[in-house]
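# Structure assessment
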Amino acid sequence: MEHSKKTMYGSGDRRDSSADGGAVLNGHFDGMVKRPAVASPAAEPGAHRATSSVMESWKEERTRSLEDNEMSLPSLAAAYTTILRGLGEDPQRQGLLKTPWRAATAMQFFTKGYQEKIIDVLNDAIFDEDHDEMVIVKDIDMFSMCEHHLVPIFGRVHIGYLPNKRVLGLSKLARIVEIYSRRLQVQERLTKQIAVAITEALQPTGVGVVVEATHMCMVMRGVQKMNSKTVTSTMLGVFREDPKTRDEFLTLIRS
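Residues numbered from 1 in each chain as written. Predicted model: local features only at pLDDT ≥ 70, side-chain atom pairs only at ≥ 80, totals over all residues. Heavy atoms only, no water.

The name given to the protein in an unreviewed UniProt entry is GTP cyclohydrolase 1, and the organism recorded there is Xiphophorus maculatus. A UniProt comment under Catalytic activity (unreviewed entry) is attached to the protein, and it reads "GTP + H2O = 7,8-dihydroneopterin 3'-triphosphate + formate + H(+)". (UniProt positions renumbered as here; feature names shortened; annotations may be inferred.)

So, in structure tokens, the structure goes:
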């Protein structure tokens with residue numbers, strides 16, 4: 001296999017066109033992966049520390065705990081009871097008596113990614129290895145929830161990266177997909193979050209992520225197109241810079 005040995009983006013390399021270099025997105029930069037610039041003498045003393053803190057925020061990301069689940073379950077169930085009444089149903093009839101609690105616990109499971117941190121998954125699964133050929137895990141099943149309509153998104157995720165002296169346990173790539181997909185999502189953001197998390201954890205030469213998914217908000221409502229699929233990709237490092245590396249990745253995930 002032929003691919004480039006270029007290094008990852010530095011502070012002076014290719015960036016997004018936004019003026020601020022990319023917004024923070026669920027603990028990640030919504031744009032090209034950036035490394036903190038060295039603060040100039042005129043900069044405020046805390047500026048460099050703040051930038052570093054943002055770069056490492058993926059390690060601390062967790063917005064919901066198991067205790068939160070227990071505390072919020074009654075209010076979630078009550079909300080589903082209100083929804084049933086709003087639909088013209090009787091929450092007290094036999095078939096619906098336990099539905100609000102079932103629906104509430106199901107929604108907590110569908111969004112359990114808010115309870116997990118990437119660092120907990122990867123901490124003991126990054127290994128020093130002198131390997132610089134492409135690593136690909138494809139056809140990873142993915143289930144998520146559309147944040148606009150609260151209906152399912154499901155499909156497959158393909159991940160590839162070029163190691164830079166470190167590799168990740170293969171199952172952990174699927175775990176990263178699970179953490180970010182089990183949230184309220186849009187597919188574009190999900191794709192980028194997976195790629196950026198791998199990049200920040202491993203600092204590889206490059207990362208490529210492709211997501212193919214069916215959106216039930218397009219299938220069972222709205223335009224109702226049964227066979228439509230949405231494909232998104234994020235390419236970082238040499239996967240973006242080098243067409244041969246990118247083509248190799250795209251060819252292998254289609255084989």
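### Some details on the overall build of the protein
Looking only at helices and strands, one finds 9 helices and 9 strands in the protein. Looking at the protein as a whole, 45% of its 255 residues are labelled buried. When the accessible surface of the protein is split by element, carbon and sulfur atoms take 55% of a total near 13,700 Å². (Helix = DSSP H or I, 4+ residues; strand = E, 2+ residues; numbered from the N terminus. Buried < 20%, exposed > 50% of the residue type's maximum accessible area, 1.4 Å probe, protein only. Areas by Shrake-Rupley, 256 points an atom, 1.4 Å probe, with all protein chains shown as cover.)

### What to know about the pattern of salt bridges
By the definition in use, this model includes 7 salt bridges. Residue Asp-139 pairs with Arg-156 through a salt bridge whose shortest N-O separation is 2.8 Å. You can see Asp-139 sitting in strand 4 (residues 135–146) and its partner Arg-156 sitting in strand 5 (residues 152–162), a full 17 residues away along the chain. On the basis of relative accessibility, which here comes to 36%, the residue Asp-139 falls in the partly exposed class. Classification of Arg-156 by relative accessible area gives partly exposed; the value is 32%. The closest approach of N and O atoms between Glu-178 and Arg-182, which form a salt bridge, is 3.1 Å. For Glu-178, a relative accessible area of 22% puts it in the partly exposed group. Linked through salt bridges whose partners overlap, the residues forming this network are Lys-112, Glu-178 and Arg-182. (Salt bridge = Lys/Arg side-chain N within 4 Å of Asp/Glu carboxyl O.)

### Quick notes on the sheet that holds strand 9 (residues 230–237)
Strand order across the open sheet formed by 5 strands is 7-4-5-8-9, with mixed pairing between neighbours. Every other strand in the sheet has two partners, leaving strand 7 (184–185) and strand 9 as the edge strands with one partner each. The pairing of strand 4 with strand 5 spans 9 bridges and is classified as antiparallel. If you follow Asp-141 over to strand 5, its bridge partner there is Arg-156. (Pairing = 2+ DSSP bridges.)

### Re the packing of aromatic side chains
Counted according to the given criterion, the structure contains 1 aromatic pair. Ring geometry for Phe-239 and Phe-249: centres 5.4 Å apart, planes at 80°, overall edge-to-face. Placement of Phe-239 in helix 8 (residues 238–241) and of Phe-249 in helix 9 (residues 243–254) is noted, with a sequence separation of 10 residues between them. Assigned by exposure class, Phe-239 and Phe-249 land together as buried. (Phe/Tyr/Trp six-rings, centres within 6.5 Å; stacked < 30°, edge-to-face > 60°.)

### Let's talk about unusual backbone geometry
Backbone geometry at Leu-150 places phi at a positive 55°, although glycine is not the residue there. Position of Leu-150 among the secondary structure elements: in the loop between strand 4 and strand 5. Notably, Gln-203 is not glycine yet its phi reads approximately 50°, a positive angle. Tracing the chain through its elements places Gln-203 in the loop between helix 6 (187–202) and strand 8 (206–215).

### Here's the deal with the side chain of Thr-111
Considering the arrangement of structural elements, one finds Thr-111 in the loop between helix 3 (99–110) and helix 4 (118–122). Of the polar contacts made by the side chain of Thr-111, one reaches the backbone oxygen of Met-107; its length is 2.8 Å. In this structure, Thr-111 is in contact with Arg-64, Arg-182, Arg-183 and Leu-184, ignoring residues within four places of it in sequence. (Polar contact = N/O pair within 3.5 Å; in protein donor to acceptor, adjacent residues only side chain to side chain. Contact = heavy atoms within 4.5 Å.)

### Section: the packing of helix 2 (residues 66–86) against helix 3
Where helix 2 contacts helix 3, the axes come no closer than 8 Å and their chain directions differ by 125°. If you check the angle between helix 2 and helix 3, you find them oblique. Crossing of helix 2 over helix 3 shows right-handed handedness. Note on element contacts: helix 3 touches helix 2 through Thr-99, Pro-100, Trp-101, Ala-103, Ala-104, Thr-105, Met-107 and Gln-108, opposite Asn-69, Ser-72, Leu-73, Pro-74, Leu-76, Ala-77, Tyr-80, Thr-81 and Leu-84. (Axes fitted to C-alpha atoms, helices over the stretch in contact; angles between N-to-C directions. Parallel < 35°, antiparallel > 145°, perpendicular 65-115°, else oblique. Left-handed = near helix turned anticlockwise from the far one by under 90°.)

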